[in-house]
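Summary of structural features
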Amino acid sequence: MTATTEIPGYIAGKWTIDTAHSNIAYTVKHLGLAKSRGNFTAFTGTVVTADDILESSVTVEIDAASVASGVDGRDEHLKAEDFFHVAEHPTITFTSTGIRAEGGDDYLLDGELTWRGKTVPVTLEAEFNGIGVNPANNDATTLGVSASTTVNRRDFGIGPEGNAFLSEKVKIDIELQAYLQG
C-alpha cells in the first residue's frame, strides 16, 4: 500500500485533464516495415486522487473523429466504417478499475477501454511524474502522469483480420497533465 506521505507534494482531490498539455498517441506497424503514428486531438477526462493513491481513479473520453495521422486521406479512412466507424461510435472511453503499485513511481492502471462499441480490459504501465504549479495555467496545481499499453485492434473490431499491411498490435502512449479543481 502506498501512503500519500511517501509521495512528495501528493494531494487528494479531483483533477481535470489539461488537454493543451496532454497527448494521446498511437503507433502501429505498416507493412511490417515501419511504424505509422498519430494522435487524438480532442479528449476530456478526470483524475480523482484518493488519500491512498491505489484507490484513485481515471476516466477519459476521446473524440474518435479527432484522429490525426498527418495524412488527410489516412485520417478519413480511419474514421470510416472498416476502422473506427465514427458515425456510429463517436467516442472512445477509458474507465479505470484499479491501480497496483509496481515499484517507485511506477504503477499498473487497470481499466476498461471501449472502442467501436466493444469494451476490453486493459492494463496501462503508468508513471506518476509528480505534482507542481503550472505558471502558464494561472499557477494551477498540476499533476503529471505518463502511461502506455498495447492493444489488439481486432479485439475492438477495427480493420480487417489477418491484414498483412497493418499490424494487429497498436501501442498507445499517454502524456497527461491535469489541474486540481477549485
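Summary of the structure given here. (Residues numbered from 1 in each chain as written. Predicted model: local features only at pLDDT ≥ 70, side-chain atom pairs only at ≥ 80, totals over all residues. Heavy atoms only, no water.)

**Observations regarding the side chain of D18**
Worth spelling out the cut-off: In this description a helix means any DSSP run of H or I spanning at least four residues, a strand means any run of E spanning at least two, and both kinds are numbered starting from the N terminus. Relative accessibility decides the category of a residue: with a 1.4 Å probe and only protein chains considered, values under 20% of the type maximum give buried, values over 50% give exposed, and everything between is partly exposed. The charge count treats Lys and Arg as positive and Asp and Glu as negative. His and the chain ends do not count. We count a salt bridge whenever a side-chain nitrogen from Lys or Arg sits within 4 Å of a carboxyl oxygen from Asp or Glu. Here, two residues are considered to be in contact whenever any of their heavy atoms come within 4.5 Å of each other.
Mapped onto the secondary structure, D18 falls in the loop between β1 (13-17) and β2 (23-30). The charged side chain of D18 is buried without a salt bridge, its nearest counter-charge being K14 at 17 Å. Once residues lying within four places of it in the same chain are set aside, the contact partners of D18 are N134, N137, Q177, A178 and Y179.

**Notes on a positive patch on the surface**
Just so we agree on the cut-off: Residues enter a patch when their relative accessible area is above 30% and they make no salt bridge; the linking distance is 9 Å between like charges and 5 Å between nonpolar side chains (Val, Leu, Ile, Met, Phe, Trp, Tyr). Computed by Shrake-Rupley with a 1.4 Å probe, the accessible areas treat only the displayed protein chains as cover when residues are assessed. Taken as the charge location is NZ of Lys, CZ of Arg, CG of Asp or CD of Glu.
A cluster of like positive charges, contributed by K29, K35, R37 and K169, occupies part of the molecular surface. With respect to the secondary-structure elements, K169 resides in strand β11 (residues 166-180). Using a relative accessible area of 61% as the deciding quantity, one classes K169 as exposed.

**Observations concerning the pairing of β2**
Rules: Should DSSP find at least two bridges between two strands, the strands are regarded as paired.
Relative to β11, β2 is paired through 7 bridges, and the arrangement is antiparallel. Note that in β11 the partner of H30 across the bridge is L166. Sheet topology places β2 next to strand β3 (residues 34-40); 7 bridges connect them, and they run antiparallel. Each residue of the ladder has a partner; that of T27, found in β3, is R37.

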